[in-house]
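Observations on the three-dimensional arrangement
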Amino acid sequence: MARRTPAIAAALAVSATLLLTACGGSSNDASKDKIKGAAEGTKSVSPSPSGAGTGQPDLSLPKDVKLDISWNATSDPEQKAALQGVSNYLRAFKHGLVKQDPDDPAYKAYAVGPAAEYTRTQIKQWVAGGWTPTGTDRFYKSQTDESSSTKAVVVTFCRNQSKAYGKSVKTGKVYHTKESLDSYQLYRMYMKPSKASSDTWQAQTIEVFGKAKQCQQ
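In this report, we go over the structure that sits alongside the text. This is a predicted model, so every value here is computed, not measured. (Residues numbered from 1 in each chain as written. Predicted model: local features only at pLDDT ≥ 70, side-chain atom pairs only at ≥ 80, totals over all residues. Heavy atoms only, no water.)

**Some points on the state of the cysteines**
Inspection of every chain in the model, using the stated rule, returns one disulfide. Note on cysteine connectivity: Cys158 is disulfide-linked to Cys215, with sulfurs 2.0 Å apart. On the sign convention where negative means left-handed, the S-S torsion of about -75° between Cys158 and Cys215 marks this disulfide as left-handed. One end of the pair, Cys158, is in strand β5 (residues 152-160); the other, Cys215, is in the segment after β9 (201-210), and 57 residues separate them in sequence. Since its relative accessible area comes to 0%, Cys215 is described here as buried. (Disulfide = S-S within 2.5 Å. Helix = DSSP H or I, 4+ residues; strand = E, 2+ residues; numbered from the N terminus. Buried < 20%, exposed > 50% of the residue type's maximum accessible area, 1.4 Å probe, protein only.)

**Thoughts on helix α2 (residues 77-99)**
Along its 23 residues, α2 runs 32 Å from first to last C-alpha, staying within 8% of the 33 Å computed at 1.5 Å per residue. A side-chain oxygen of the first residue of α2 lies 2.9 Å from the backbone nitrogen of Glu78; this N-cap is Asp76. Downstream of α2 by a residue or two, Gln100 has a phi angle that is positive, lying close to 60°. (Expected span 1.5 Å × (residues − 1). Polar contact = N/O pair within 3.5 Å; in protein donor to acceptor, adjacent residues only side chain to side chain.)

**Let's talk about the packing of aromatic side chains**
Scanning all chains against the criterion turns up six aromatic pairs. Judged by centre distance (6.1 Å) and plane angle (65°), the ring pair of Phe139 and Phe157 falls under edge-to-face. Here the residue Phe139 occupies a position in strand β4 (residues 131-147), and Phe157 occupies one in strand β5, the gap between them amounting to 18 residues. In terms of burial, Phe139 and Phe157 fall into one category: buried. With a centroid separation of 5.0 Å and an interplanar angle of 10°, the aromatic rings of Phe157 and Tyr187 are classed as stacked. One end of the pair, Phe157, is in strand β5; the other, Tyr187, is in strand β8 (residues 184-193), and 30 residues separate them in sequence. Pairwise contacts between aromatic rings join Trp71, Phe139, Phe157 and Tyr187 into one cluster. The aromatic ring of Tyr140 is capped on one face by Arg138, whose charged end is 4.0 Å from the ring centroid. (Phe/Tyr/Trp six-rings, centres within 6.5 Å; stacked < 30°, edge-to-face > 60°. Lys NZ or Arg CZ within 6 Å of the ring centre and 35° of its normal.)

**Observations regarding unusual backbone geometry**
Not every positive phi belongs to a glycine, and Gln100 is a case in point at roughly 60°. Assignment of secondary structure puts Gln100 in the loop between α2 and α3 (105-108). Positive phi, normally seen in glycine, also occurs at Lys141, with a value near 55°. The topology assignment puts Lys141 in strand β4. Overall, Lys141 belongs to the partly exposed group, its relative accessible area being 27%.

Given below as structure tokens:
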């Protein structure tokens with residue numbers, strides 16, 4: 001990976017641990033973990049970019065910020081809803097980073113408890129560092145399982161952030177990095193329906209495991 005100043009390294013470290021749970025989660029080496037993905041193809045998911053007239057929050061992003069989301073197919077309606085909730089959350093998180101707003105209503109619509117509190121902390125760190133995201137973040141290879149103990153749907157998936165970069169808000173300078181094992185991460189998110197609407201699923205806790213060899217393709 002290219003050399004970088006301590007300030008740049010710190011900012012990209014935040015990017016590398018996009019979503020960490022505040023409830024016992026951490027960023028770990030996931031090289032020994034296994035993902036059980038459905039073998040029946042994938043489905044690209046594109047959350048609605050604007051909530052105008054729908055009662056949903058605005059999830060629009062600038063043209064230089066893209067999410068490439070492709071989930072494994074599932075016929076279970078709850079698992080489908082949970083995957084859509086994950087997609088909405090990922091986009092909402094990016095929206096908060098772009099808006100430089102730790103209290104952005106977008107992510108609060110799709111995260112509660114530890115997940116929402118940690119998201120707020122992460123956005124505050126980006127704001128303090130003067131950074132905003134740019135490039136394309138890829139999320140794929142999903143697995144969905146029901147959790148009987150928490151009455152939630154557990155969504156596990158991969159991330160390839162090799163084309164997602166940090167950009168200085170002040171200067172607009174983009175700091176590119178080369179693809180490496182550090183580019184790949186494994187996520188585990190616990191999703192539940194919102195108390196206000198069963199159609200909206202929210203992140204409860206999130207774990208991120210770094211250097212995920214099983215996510216390399």
